[in-house]
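The residues making up each chain are set out below.
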Amino acid sequence: MLFNSIDFAIFFPIVFILYWIVAKKIKLRNFFLLVVSYYFYGSWDWRFLFLIAASSILDFYIGKTMAKTEVKKKRKLLLIISLVFNLGLLCYFKYTNFFIESFVNTFRLFGSTLEVTTLQIILPVGISFYTFQTLSYTIDIYRNKLEPTKDAIAFFAFVSFFPQLVAGPIERASHLLPQFFKTHKFNYNQIRSGLLLMAFGLFKKMVIADRAAIYVNEVYNNVDDHNGTSYAIATVLFAFQIYCDFSGYSDIAIGAARTMGFDLMKNFKSPYFAVSLTDFWRRWHISLSTWFRDYVYIPLGGSKKGNFRTYANLFIVFVVSGFWHGAAWTFIIWGAIHGVILMSEKALLPVKSKIANHSLLKQIPKWCNVLYIPLIFMIVCLAWVFFRANSVSNAITIITSSITDFSFTDLTNIEIYTLGLNINEFIAVVSFICLLLIAEAIHNTYGLFTILRKQVLPLRWAIYLTIVLTVIIFGVYGDGKEAEFIYFQF
C-alpha cells in the first residue's frame, strides 16, 4: 500500500479515527496498531508477514532471555543468534543472486563457464529497514543500554509500526518503544502539524520526484540514445528526484505518526546545503548514518585506534552502506566514492584547521562557507550516477560524456528538455525545485512552520489549500512501479 495511493487515502483516515477512539486504552491501542500495521504490510504480499513475525518473536524472546542472565558467554551467544537469523534472512532475500552472479563472473575471468541460474527470490518490502530496527533492540539490551519489554504486543507493534515500516526512519528501540506505553492525548496543533507535513511530503514525492523521474528514466534507461548535456541534466534531476522521493516518504511517515501522538526522528536536514561531504551525511538519511555509526563504525574501533584504522573504518562503513542499498557493484562503488572522499576530508582536517586559524582567514565571514555548496553538490551528483545507472559501464559512459560531450549550445535547444516531458512540464519541475530550495533556506534560518503558525487563520488556510491543490493539479499519478518510492527496493 503506497502513501500516494487511493488505498492509503481510504486506509489512513479510518485508522486515524479508530485509533483515537481506543487511544486511552494503551493495550487495546497497541493491539489495534499491530493489526492495522500487519494489514498495511500484508497488502504487498501476505507471505512477507511470516518473516516480520518470525523476526519479532525471536528478538522478543532473546531480549527477555538475555536480561535474565549475567553470564557473558550466554548473552553473547544470544546476540549472535539474533544477528545470524536477522542478517541471514536479509542476505538470503537480498544478496543470494548477487553472490551467484559474482561467482559465475569470476570463473569467466579465468576462461571457465559455469551453468548456474539465479533463483526466483522476491525481495520482501522494507526488510532492510525493520531488520536494522529490531537489531537495535537486541544489541542495546546486550550493551545494557535498554531494558527488555515484557509486553509482546507492544514490541510487535514497535517493529511493524506502519508509518515507518517500509522505508524508515530506522528507529531505535530506546526512542520509539517507550512511546507505545505512554498515553497519547488528542492535540489539535500536533495533528495539524502532522497533516501539513504529510501534504508537504506528497508535494515532494508526486510533484517533484515523480515528474523528474520521467526525464531521468528516459535518459538513464536509454544511455546510447542521448548526449552529455542530457546526461548532466538528468543527473541533476535525479539528485532532486531521490531526495524528494525519500525525504517525501520520511515526511509522510513522520507526519502520520505525529497525528497519532508518536514522535519519529528527523531523517533529512536540507542535505544539498551541505558545505562538506561529512556535513552531507549529517543531513542525509540521518537514521541510517547514525545507525551505522553506533552499530558498525564504533564497534570497529571508530577513531580511537589510530589514523589508519579510522580511515579504514570509515571506508568499510560506506562500502557496507552501499551494499545495504542494493546488491550490485554500482551501489558498492557509490559507497566507496563517499568513503574515499570522507577519508580525505578527515585526513585534511588538521591542515584545514591551521589554515582557518590564520589571522587573515579569520576575517573572512562565515557565510562564505556557502561557496562550498556547489562543489559538494557536484561531488554528490557524481556519486549519484553510479547509484542510478543500470550498470557500471553505463555509469562510466554518463560521467565521461557529461564532461567531454557537454555543450552550452545544447542548452538553447528546446528538444533537450523534452525527453519524456513537454517544455511546460520541464519548466514546472525546475520551478518547483527552486521553490523547494527557497522554502528550505527560509526554514533553516527562521523555521518555516514557526512562521506559518504566526500568520492569521485565513492566510494559513490559504497556504494549506495551495499545497493540496498543487499536489492535485501538478502531481503525477500512476500504478505499481511508476508510483513506488525509490527506497522500497532497498
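Preceding this section is the structure that the text describes.
For every chain, the first residue of the written sequence is number 1, and numbering continues from 1 along that sequence. Owing to the predicted nature of the model, reporting of local features is limited to residues with pLDDT of at least 70; listing and counting of side-chain atom pairs is limited to 80 or more, with chain, interface and lining totals taken over all residues. Note: side-chain values were computed over all heavy atoms of the structure, leaving out hydrogens and water.

Looking at this structure, I do not really get the environment of Leu2. What am I missing?
Structurally, the position occupied by Leu2 is in the segment before helix H1 (6–22). Exposure categories follow from relative accessible area, calculated using a 1.4 Å probe and restricted to protein chains: below 20% of the type maximum is buried, above 50% is exposed, and the middle band is partly exposed. Residue Leu2 is classed as buried on the basis of its relative accessible area of 12%. As for Leu2 and Tyr249, which are separated by 247 residues in sequence, their C-alpha atoms are 9.8 Å apart. Strands here are runs of E lasting at least two residues and helices are runs of H or I lasting at least four, both read from the DSSP assignment and numbered beginning at the N terminus.

Teacher, can you tell me more about the pattern of salt bridges here?
The salt bridge criterion pairs a side-chain nitrogen of Lys or Arg with a carboxyl oxygen of Asp or Glu, the two atoms within 4 Å. Counting across every chain of the model gives eight salt bridges. Here Asp294 ties to Arg172 by a salt bridge, and the two come within 2.9 Å at their closest N and O atoms. With Asp294 in helix H12 (residues 286–297) and Arg172 in the loop between helix H7 (162–165) and helix H8 (173–176), this residue pair connects regions lying 122 residues apart in the sequence. Taking the relative accessible area as the measure of exposure, Asp294 reaches 16% and is therefore buried. The class of Arg172 is buried, set by a relative accessible area of 14%. Measuring nitrogen to oxygen at the nearest pair gives 2.8 Å for the salt bridge that ties Arg293 to Asp294.

Looking at this model, I keep getting lost on the nonpolar core. Mind explaining?
Most often, soluble globular proteins have nonpolar side chains that are buried together. Put simply, a nonpolar core is a bunch of buried Ala, Val, Leu, Ile, Met, Phe, Trp, Tyr and Cys residues held in one set by side-chain atoms that sit within 4.5 Å of each other. By size, the foremost hydrophobic cluster in this structure holds 144 residues, and its most contacted members are Tyr215, Tyr272, Trp284, Trp384 and Tyr487. A total of 17 residues in this core trace back to one element, the largest contributor, which is helix H10 (residues 228–259). Residues in contact with Trp284, not counting those within four places in the same chain, are Ile242, Tyr243, Asn267, Phe268, Pro271, Tyr272, Ser289, Trp384 and Tyr487. Contacts were defined at the residue level, with two residues in contact if any of their heavy atoms lie within 4.5 Å.

What is the right way to read a nonpolar patch on the surface from this model?
In this scheme, patches are assembled from residues that exceed 30% relative accessible area and form no salt bridge. Like charges are connected within 9 Å, while nonpolar side chains (Val, Leu, Ile, Met, Phe, Trp, Tyr) are connected within 5 Å. Every accessible area reported is derived by Shrake-Rupley at a probe size of 1.4 Å, with residue values counting cover from the shown protein chains alone. Residues Leu465, Val468, Leu469, Ile472, Ile473, Phe474 and Tyr477 make up a contiguous nonpolar surface patch of roughly 680 Å² in combined accessible area. Tracing the backbone shows Ile472 in helix H20 (residues 457–474).

What is the right way to look at the packing of helix H14 (residues 329–347) against helix H16 (residues 372–388) in this model?
Two measures define how a pair of helices packs: the angle their axes make with one another and the distance between the axes. In this analysis, axes come from line fits to C-alpha atoms, helices being fitted only over the stretch in contact, and the angle between any two N-to-C directions falls in the range 0 to 180 degrees. Viewed as axis vectors pointing N to C, H14 and H16 meet at an angle of 155°, and their least axial separation amounts to 7 Å. Put simply, H14 runs roughly antiparallel to H16. Residues Thr330, Phe331, Ile333, Trp334, Ile337, His338, Ile341 and Glu345 of H14 touch H16, and the partners they reach there are Ile376, Ile379, Ala383, Trp384, Phe386 and Phe387. For the contact of H14 with H16, the per-class residue count stands at 11 nonpolar, two polar and one charged. For classification, angles of less than 35 degrees are called roughly parallel, those exceeding 145 degrees roughly antiparallel, those between 65 and 115 degrees roughly perpendicular, and all remaining angles oblique. Under the scheme applied, nonpolar residues are Ala, Val, Leu, Ile, Met, Phe, Trp, Tyr, Cys and Pro; charged residues are Asp, Glu, Lys and Arg; polar residues are all the others, including Gly.

Is there a simple way to explain helix H18 (residues 423–446) in this structure?
Residues three or four positions apart in an α-helix share a direction because the helix packs 3.6 residues into each turn. A helix's residues, less one, multiplied by 1.5 Å, set its expected span. Taking 1.5 Å of rise per residue, the 24 residues of H18 would be expected to cover 34 Å, and the 34 Å separating its terminal C-alpha atoms lies within 8% of that figure. Listing the buried residues of H18 in full gives Phe426, Ala428, Val429, Phe432, Ile433, Leu436, Ala439 and Glu440. For H18, the capping residue at the N-terminal end is Asn422, with a side-chain oxygen 3.0 Å from the backbone nitrogen of Asn424. By the criterion applied in these results, polar contacts are pairs of N or O atoms within 3.5 Å in which, for protein atoms, one can donate a hydrogen and the other can accept it, and in which residues neighboring in sequence qualify only through two side-chain atoms.

When you look at the packing of helix H9 (residues 188–220) against H10 in this model, what are you seeing that I'm missing?
The interhelical angle for the contact between H9 and H10, taken along N-to-C directions, is 155°, at an axis separation of 6 Å. Considered as vectors, H9 and H10 are oriented roughly antiparallel to each other. The interaxial crossing formed by H9 with H10 has left-handed handedness. Residues of the contact of H9 with H10, tallied by class, amount to 24 nonpolar, 11 polar and six charged. Less than a right angle of anticlockwise turn of the near helix away from the far helix marks a crossing as left-handed, whereas a clockwise turn marks it as right-handed.

Please explain the side chain of Ser230 as it appears in this structure.
Along the polypeptide, Ser230 turns up in helix H10. Classification of Ser230 by relative accessible area gives buried; the value is 1%. Ignoring any residue separated from it by four or fewer positions in sequence, one finds Ser230 in contact with Tyr215, Val219, Ile416 and Leu419.

Whenever I open this one, unusual backbone geometry confuses me. Can you help?
One non-glycine residue, Asn144, lies in positive phi territory at about 60°. Here Asn144 shows up in the loop between helix H5 (127–142) and helix H6 (152–160). What makes Asn144 exposed here is its relative accessible area of 62%. Residues other than glycine seldom take positive phi values, yet His285 does so here, at roughly 40°. One can find His285 in the loop between helix H11 (277–283) and H12.

In this structure, what is going on with the environment of Lys205? I would like to understand it.
The residue Lys205 is located in helix H9 in this model. Classification of Lys205 as buried rests on a relative accessible area of 0%. Measuring from C-alpha to C-alpha, the distance between Lys205 and Asn4 comes to 8.3 Å, with 201 residues separating the pair along the chain. Of note is the side chain of Lys205, whose polar atom sits 2.9 Å from the side chain of Asp210.

Help me out: how do you make sense of the packing of aromatic side chains in this one?
Both the distance between ring centres and the angle between the ring planes are used here to describe each pair of aromatic rings. What counts as a ring pair is set by centres within 6.5 Å for rings of Phe, Tyr and Trp (its six-membered ring), and what kind of pair is set by the plane angle: stacked under 30 degrees, edge-to-face over 60, tilted for all other angles. Tallied over the entire structure, the rule returns 61 aromatic pairs. With 5.7 Å between their ring centres and 40° between their planes, Phe240 and Phe377 make a pair best called tilted. A residue pair is termed long-range when its members are at least 10 positions apart, and Phe240 in helix H10 and Phe377 in helix H16 qualify at 137 residues. According to the relative accessible area criterion, Phe240 is buried, its value standing at 7%. With a centroid separation of 5.1 Å and an interplanar angle of 85°, the aromatic rings of Phe246 and Phe268 are classed as edge-to-face. Residue Phe246 is found in helix H10, and its partner Phe268 is found in the loop between H10 and H11; the two are separated by 22 residues along the sequence. For Phe268, a relative accessible area of 8% corresponds to the buried category.

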